[in-house]
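Close look at the chain arrangement
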Amino acid sequence: MASKILYNGDRNVAGKWIPELNRAIAAKGVDAEIVTTSTEPEAIKYIVHSPRGDVSDFSPFTGLVAVFGLWAGVEEIVGNPTLKVPLSKMVDSSLTEGMVEYVVAHVLRIHLGTDFHVLNQDGVWRRDQTLPPFLARQRTVLILGLGALGTACLKALSILNFQVSGWSRTPKTIDGASTYSGADGLDRALARADFVVLLLPSTADTRNVLDSRRFALMKKGASIINPGRGTLIEDAALLDSLDNGRLASATLDVFWEEPLPPSHRYWSHPKVTVTPHIASETRPETASLSIAENVRRAESGEELLHLVDRIRGY
Ligand code: NDP
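Residues numbered from 1 in each chain as written. Predicted model: local features only at pLDDT ≥ 70, side-chain atom pairs only at ≥ 80, totals over all residues. Heavy atoms only, no water.

What to know about the nonpolar core
Counting residues in each nonpolar core, the largest one holds 31 residues, and the members touching the most others are V196, L210, I224, I233, L238 and Y266. Secondary structure elements with two or more residues in this core: β6 (140-144), α5 (182-192), β9 (195-198), β10 (222-226), α7 (235-243), β11 (247-252) and β12 (272-274). Per-element tally for this core: the top contributor is α7, with four residues. Every residue in contact with Y266, bar those within four places of it in the chain, is listed here: I233, D235, L238, L239, L252, F255, L260, V272 and V274. (Core = buried A, V, L, I, M, F, W, Y, C linked by side-chain atoms within 4.5 Å. Buried < 20%, exposed > 50% of the residue type's maximum accessible area, 1.4 Å probe, protein only. Helix = DSSP H or I, 4+ residues; strand = E, 2+ residues; numbered from the N terminus. Contact = heavy atoms within 4.5 Å.)

Rendered as structure tokens:
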């Protein structure tokens, strides 16, 4: 009998996901079918899950073997006490591509000072003759988080000649990059960076990782770009650092509260660029391949890919 996989993602896009998931699973030669309702929860072996799905109580699913997350961020499910089976997070080639494009675009936008000219189309020829502008090789980008997304962004920026550095929980070696770990490592790395890109997960350990003490350590005139999670930044400290001139700009895609309330100071702050959590998206055509590989592994008793450590929270 075919193994049953419950699609528990956003119902509005189920029509895009289900054919792709079925196709990818069939291509793996696995006898499994996607269902969209859980009238017999004990018959469900796997759940493809996003926080936009209807199911958040996993206790009726007594035959459940694994849950496959559709999102890279797992903070909304990782602490769920009814989830007793392995959980994987999404690693998707298109999600990575999209994030690389977002991060490279915003680093280049700030590096080149593009906004100044785009926002001042008023007939005044503002050509700064005093200095040749910086080249990428004279600027250091620090990526906080060297996972699937952070590492890909670091490599893309390195190809553009930026000096690249990265910070992660465990020490890493990456050709051509300076790497740091630990609290002291972060302090040292921040002091050298012109751009800081946050691609950390939202966990108890990463909450407010950039606070007033750390903003004060940063280079004067540095910029931050946060497509990671809003909880990584202490908002009041960031606003102070922008107001007191320590930081030149902040580009923020994610927030403590989403949608960002219309009255929030970020919307009107001249040094802040807000994007509405659009840095990157999971695409069904490619992400289904990742899910199907984990279904195949689970069915043949192999270790799952991209497993979440429930204690660490990512
Ligand atoms: P991964 O789980 O692959 O990588 C996480 C990285 O963060 C790892 O390098 C890890 O270190 C590091 N890390 C975790 N905790 C700490 C800590 N306490 N101190 C230092 N480093 C730490 O995640 P992804 O790269 O796939 O995704 C990163 C985040 O991006 C997601 O969690 C999500 O929040 C966000 N995201 C945002 C999107 C958007 O559209 N805005 C889209 C997709 C994701 P180590 O390697 O040592 O384990």
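This is not the end of the story, as more comes after the structure.
Quick word on the site of the ligand
Near the ligand there are 28 residues, and of these K89, L146, T170, K172 and Y314 occur at the shortest range. Contact between the ligand and L149: an oxygen atom at 2.9 Å from a main-chain N or O atom of the residue. Between the ligand and T170, the relevant distance is 2.5 Å, taken from an oxygen atom to a side-chain nitrogen or oxygen of the residue. Notes on the ligand: free accessible area 940 Å², of which the protein chains cover 92%. Of all elements in the fold, only α4 (148-159) and β7 (163-168) reach the threshold of two or more residues within the shell around the ligand. Classifying every residue of the shell around the ligand gives 13 nonpolar, nine polar and six charged. (Near = heavy atom within 4 Å. Polar contact = N/O pair within 3.5 Å; in protein donor to acceptor, adjacent residues only side chain to side chain. Areas by Shrake-Rupley, 256 points an atom, 1.4 Å probe, with all protein chains shown as cover. Nonpolar A, V, L, I, M, F, W, Y, C, P; charged D, E, K, R; others polar.)

Brief notes about the sheet that holds strand β4 (residues 66-69)
A sheet is described by the order of its strands in space; here five strands give the open sequence β2-β1-β3-β4-β5, paired in parallel fashion. Edge positions in the sheet fall to β2 (32-35) and β5 (87-88), since each of these pairs with one other strand and no more. Pairing between strand β3 (residues 44-49) and β4: four bridges, direction parallel. Within β4, the residue paired with I47 across the bridge is V67. Each of β1 (3-8), β2, β3, β4 and β5 touches helix α9 (residues 284-299); the most contacted strand, β3, lies at about 155° to it. (Pairing = 2+ DSSP bridges. Axes fitted to C-alpha atoms, helices over the stretch in contact; angles between N-to-C directions.)

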